[in-house]
Amino acid sequence: MSATDPLPYAIAPHRFAVGFTRQTWWNWRIGAAFFFGEIGAGLFLVSLVTGQALGMAVGYLIVVVGKNTAHLLYLGRPARFWRAALRPDRSWIARGIWATGLFAISGFTLLLPKFAGIELPIAGWGQPLAPAVAAASALFIMFYDGLVMKASPAIPFWNSALLPVLCLTYATLGGATLSLMLTTLQGGMPPPALERLEHWLLVANAWLLAIYILRMSRLEPAARQTVHLLLRGRYRRAFLGLVLLVGMVATLLLSLAQGHVEATALAVVVAACELVGDFTLLMVLLKSGLYSPQTAPRSH
Amino acid sequence: MARLGMVIDLRRCIGCNACTIACKQEHGTPEDVHFARVVTREVGTYPATRRTFLPVLCNHCADAPCVEVCPSGASYIRADGIVLVDREKCIGCRACAVACPYMNRHFLERGLLRHGYNGDGLSVLEAVKFAEFEEGTMIKCNLCAHRVDQGLEPACVVTCPTECRFFGDLEPEAGRLQSLIRDHGGKPLLPECNTRPSIYYLDGEPRQA
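Residues numbered from 1 in each chain as written. Chains lettered and ligands numbered in written order. Predicted model: local features only at pLDDT ≥ 70, side-chain atom pairs only at ≥ 80, totals over all residues. Heavy atoms only, no water.

Trainee: Is there a simple way to explain the overall build of chain A in this structure?
Mentor: Looking only at helices and strands, chain A features nine helices and two strands. When its helices and strands are written in sequence order, chain A yields β-α-α-α-α-α-α-α-α-α-β. In terms of overall dimensions, chain A has a C-alpha envelope of 70 × 50 × 30 Å along the principal axes. Carbon and sulfur atoms make up 70% of the accessible area of chain A, which amounts to about 13,200 Å² in all. (Helix = DSSP H or I, 4+ residues; strand = E, 2+ residues; numbered from the N terminus. Areas by Shrake-Rupley, 256 points an atom, 1.4 Å probe, with all protein chains shown as cover.)

Structure (C-alpha cells):
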C-alpha cells in the first residue's frame, strides 16, 4: 500500500452505509481539556525550572481550573467524575486523573509559601519531594493525552507512538512561549536560553509533524484518508493555515524578530500565534480521526 | 467456561433489516440508536451492480478495547463473554465509543429520553423501556442477556427470516459454531484490531474435504 494508491471508500453518509466514519465523540470540550492540560503543565514545568513563580501559578490554575472544568463540562455524568480514577491499572484516563490530583496537591504545597507566605509543616524528606512530584506529574500531564488517544485501536491515525511525543513537544513549546510572554509583561528580560529553546522546539515540532504525516500517508486507508482531509480536504485551511502558517511559520518569524525589538505587544502576538496553532492541531487531530470501514470478510 | 457468540451467514442475508427492527422492539432504544443494523454497500459498475449486506452488532470481543479504556470499570465482560455496561458506574466519558473499532456504542445525550419518536411525549412502550436507560451514559447491545439468562436466543437471531444467524457457545471445539467457522472459513470483522470478536461471518463456499 503506498501513499499514491486510490482510497477505496468515501466518508460514510450514515451508519447504515460502508465507508470511513468520522470520530464525533470527543469534541471541542475534550480538545480544550487537552489544550489546557498541555499548556498549563508545560508553563508550570518551564517556570519551575526557570524559577518564575508567576508562571508556576498561572500554569497551575490553567490545569487545575481550566483542564478540570473542561473535563467536567464534557462528562455525561459529571457528579460521578471520581469514578474515573478507579482503574489506573488499565486506563490512561484514570492514570491522568491520578497525575492531575498529584499535580494539584504538590503544586499547591509549592505555591502556598511563594504567594501566601505560609510554610506548610512538611517533614524533612517532603521538602525536596514536593517539587519532584509536581515536576513529574506536570510532565505526565503534558504527554498523557497522546497516550489516551493512542490507546484507541479503532482510529489508525491516532495509533502511533509519535503522538505522545508530539504532545510533549507542543506542551513544552506552549509552556516556553507563555513563560517568555509573562517575563516580558513583567518588564523583565527573557532568558536567552528559553528563547533558543522556543526556536528549536518550533523546528522540532515541524519536523515531528512532517514525519507523522508522512508515516500516516503510507499506512492503512483510514490513516491515509485522514492525511487527505488535513492536506487537501475538509481541514486543509485549519491545518495548513492555522497549524502550519500561524502556529509555526509566523510564530518562528515573530519570535526571531522579538530578539531584536523590545515590544511587549509582540510577545503577546507570538504567544497568541503559538497557542492558536497548538489548539487547532489538537482539534483537527480529534475531528479528522476516522474509523476503518467495516466490510464483509472474504472467507477464502 | 462458555463464550457466547454468533455466526452470521452472509450468503443468506437479504438485507431486510428485520434484525434491526426486532432489536429496536426488544430494547426500546431511543431515536437513532441501533444496537443491530445492516450496513449496505453497492458494488460493481452499471449495469452489473449489486448490493451487499453486512448485519452488524456489538462483537462482544474477548479482548474488548472498550473495556480496556473504561476508566470507571463500567464496561465489563460477563463470565459467559457478554460485554456489558453498568449504567450506575458509567461517567459518560465516551472513551469506550472512541475505542470501539466497530462503532457499536451509543451515548444517550441529555434530553434524548424526554421525547419519543413522535415528538409528543413518550408512548407506553417508550415509557417502560426508557426507564432502563439513563441520560449521559453509554448503552450498547447486550446480546439480549435477559433473554439468554432465560434460555432464549437474542431477538435478532429468532426474528431472522432467512435464518442466517447462529447463536451459541464458541468454546467447544466440536460445537456447532466452531464447526461452521471451521468448515466455511468464518472470519470476524477487522481482525487487524486484535480484539478477538465473538461474531463471525461466513461468506465463501464450504471447504472441500
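This is not the end of the story, as more comes after the structure.
Trainee: What is the right way to read the pairing of strand E1 (residues 4-9) of chain B from this model?
Mentor: Remember that side chains alternate between the two faces of the sheet whenever the strand is regular. Residues and elements named next belong to chain B. Counted residue by residue, E1 has six buried out of six residues, so it is predominantly covered. In this structure, E1 lies alongside strand E8 (residues 165-169), joined through five bridges in antiparallel fashion. Note that in E8 the partner of Met-6 across the bridge is Phe-167. Across four bridges, the pairing between E1 and strand E9 (residues 199-202) is parallel. Bridge pairing links Met-6 to Ile-199 in E9. (Buried < 20%, exposed > 50% of the residue type's maximum accessible area, 1.4 Å probe, protein only. Pairing = 2+ DSSP bridges.)

Trainee: Would you mind going over the sheet that holds E8 of chain B with me for this structure?
Mentor: In sheet architecture, strand pairing relies on hydrogen bonds along the backbone and comes in two forms, parallel and antiparallel. All names here are of chain B. Strand order across the open sheet formed by three strands is E8-E1-E9, with mixed pairing between neighbours. Strands with a single pairing partner mark the edges of an open sheet, and in this sheet they are E8 and E9. Averaged over neighbouring strand pairs, the angle between their axes works out to 20 degrees when direction is ignored. Sheet strands in contact with helix H7 (residues 176-184) are E1, E8 and E9, and its direction is about 125 degrees off that of E8. (Axes fitted to C-alpha atoms, helices over the stretch in contact; angles between N-to-C directions. Contact = heavy atoms within 4.5 Å.)

Trainee: Just checking my understanding: could you explain unusual backbone geometry for this structure?
Mentor: The general pattern is negative phi for most residues beyond glycine and trans for most peptide bonds. All names here are of chain B. With an omega of 5 degrees, the peptide bond between Tyr-46 and Pro-47 qualifies as cis. Within the secondary structure layout, Pro-47 lies in the loop between strand E2 (37-45) and strand E3 (48-56). Despite not being glycine, Asp-32 has its phi angle at roughly 65 degrees, a positive value. Along the polypeptide, Asp-32 turns up in the loop between helix H1 (18-27) and E2. Accessibility expressed as a relative area gives 57% for Asp-32, which makes it exposed. Positive phi values are uncommon outside glycine, yet His-60 reaches one of about 40 degrees. Structurally, His-60 can be placed in the loop between E3 and helix H2 (65-69).

Trainee: Would you explain helix H7 (residues 221-231) of chain A in this entry?
Mentor: Side chains that are three or four residues apart share a direction in an α-helix, a result of its 3.6 residues per turn. Residue and element names in this part refer to chain A. Burial analysis of H7 places eight of its eleven residues in the buried class, the great majority of the element. Regarding H7, the residues found buried are Ala-222, Ala-223, Arg-224, Gln-225, Thr-226, Val-227, Leu-229 and Leu-230. Taken together, the buried residues of H7 touch helix H6 (192-216), helix H8 (236-258), helix H9 (264-287) and strand E2 (290-291).

Trainee: Just to check I follow, could you spell out the interface of chain A and chain B for this structure?
Mentor: Accessible area lost on assembly of the parts is the figure often given for the size of an interface. Contact residues are listed per partner, giving 40 residues for chain A and 56 residues for chain B. Counting each side, the surface lost to burial between chain A and chain B is near 4,100 Å², with a carbon and sulfur contribution of 55%. Sorting the residues of chain A by area buried against chain B places Arg-15, Phe-16 and Gln-294 of chain A first, and these three jointly supply 20% of that buried surface. The tally of links between chain A and chain B comes to two salt bridges. Close ionic contact of Arg-77 of chain A with Glu-134 of chain B constitutes a salt bridge, the shortest N to O distance being 3.5 Å. If you look at where chain A meets chain B, you find 19 residue pairs in polar contact (both at pLDDT 80 or more). A per-class count over the side of chain A that touches chain B returns 23 nonpolar, ten polar and seven charged. (Buried area = accessible area lost by both parts, 1.4 Å probe. Salt bridge = Lys/Arg side-chain N within 4 Å of Asp/Glu carboxyl O. Polar contact = N/O pair within 3.5 Å; in protein donor to acceptor, adjacent residues only side chain to side chain. Nonpolar A, V, L, I, M, F, W, Y, C, P; charged D, E, K, R; others polar.)

Trainee: In this structure, what is going on with the pattern of salt bridges? I would like to understand it.
Mentor: Scanning the model with the defined rule gives twelve salt bridges over all chains in all. Residues Arg-78 of chain B and Asp-149 of chain B are paired through a salt bridge, measuring 3.0 Å at the closest nitrogen-oxygen approach. With a gap of 71 residues between them, Arg-78 of chain B in the loop between strand E4 (75-77) and strand E5 (83-85) and Asp-149 of chain B in the loop between helix H5 (145-148) and helix H6 (155-159) connect regions that are remote in the sequence. Because the salt bridges share partners, they merge into one network encompassing Arg-77 and Arg-80 of chain A together with Arg-87, Glu-88 and Glu-134 of chain B.

Trainee: What exactly am I supposed to notice about the environment of Ser-47 of chain A here?
Mentor: Take Ser-47 of chain A: it is sitting in helix H1 (residues 28-50). Ignoring any residue separated from it by four or fewer positions in sequence, one finds Ser-47 of chain A in contact with Gln-52, Gly-55, Met-56 and Ser-179 of chain A.

Trainee: Sorry if this is basic, but what is going on with the nonpolar core here?
Mentor: Soluble globular proteins tend to pack their nonpolar side chains together in the buried interior. In this structure, Trp-26, Phe-157, Trp-158 and Leu-281 of chain A together with Met-6 of chain B are the most contacted members of the largest nonpolar core, which totals 130 residues. For this core, the leading source of residues is helix H4 (residues 126-150) of chain A, giving nine residues. With residues up to four places along the chain from it excluded, the contact list for Met-6 of chain B reads Leu-57, Leu-143, Pro-154, Cys-156, Val-157, Arg-165, Phe-166, Phe-167, Leu-177, Ser-198, Ile-199 and Tyr-200 of chain B. Among the nonpolar cores identified, the runner-up in size contains eight residues, and Val-7, Phe-166, Leu-177 and Leu-180 of chain B belong to it. (Core = buried A, V, L, I, M, F, W, Y, C linked by side-chain atoms within 4.5 Å.)

Trainee: Where do I start with the side chain of Arg-147 of chain B in this structure?
Mentor: All names here are of chain B. You can see Arg-147 is positioned in helix H5. Residue Arg-147 is classed as buried on the basis of its relative accessible area, which comes to 16%. Sequence-distant contacts of Arg-147, that is, excluding residues within four places in its chain, are made with Glu-26, Leu-152, Glu-153, Pro-154, Ala-155 and Val-158.

Trainee: I keep staring at the packing of aromatic side chains and nothing clicks. Help me out?
Mentor: Centre distance and the angle of the planes are the two values used to describe a pair of aromatic rings. Tallied over the entire structure, the rule returns eleven aromatic pairs over all chains. In this structure an aromatic cluster arises from ring pairing among Trp-92, Phe-140, Phe-143 and Tyr-144 of chain A. In this structure, Arg-94 of chain B packs its charged tip against the face of Tyr-74 of chain A, placed 3.9 Å from the ring centre. One residue, Arg-94 of chain B, lies across the ring of Phe-107 of chain B, its end atom 3.8 Å from the ring centre. (Phe/Tyr/Trp six-rings, centres within 6.5 Å; stacked < 30°, edge-to-face > 60°. Lys NZ or Arg CZ within 6 Å of the ring centre and 35° of its normal.)

Trainee: Is there a simple way to explain the packing of H6 of chain A against H8 of chain A in this structure?
Mentor: Each pair of packed helices gets described by two things: the angle between the helix axes and the distance between those axes. Residues and elements named next belong to chain A. Viewed as axis vectors pointing N to C, H6 and H8 meet at an angle of 155 degrees, and their least axial separation amounts to 9 Å. In terms of axis orientation, H6 runs roughly antiparallel to H8. Crossing geometry of H6 relative to H8 is assigned as left-handed. On H8, the residues that touch Glu-198, His-199, Leu-202, Asn-205, Ala-206, Leu-209 and Ile-213 of H6 are Phe-239, Val-243, Leu-244, Gly-247, Met-248, Thr-251, Leu-252, Ser-255 and Leu-256. (Parallel < 35°, antiparallel > 145°, perpendicular 65-115°, else oblique. Left-handed = near helix turned anticlockwise from the far one by under 90°.)

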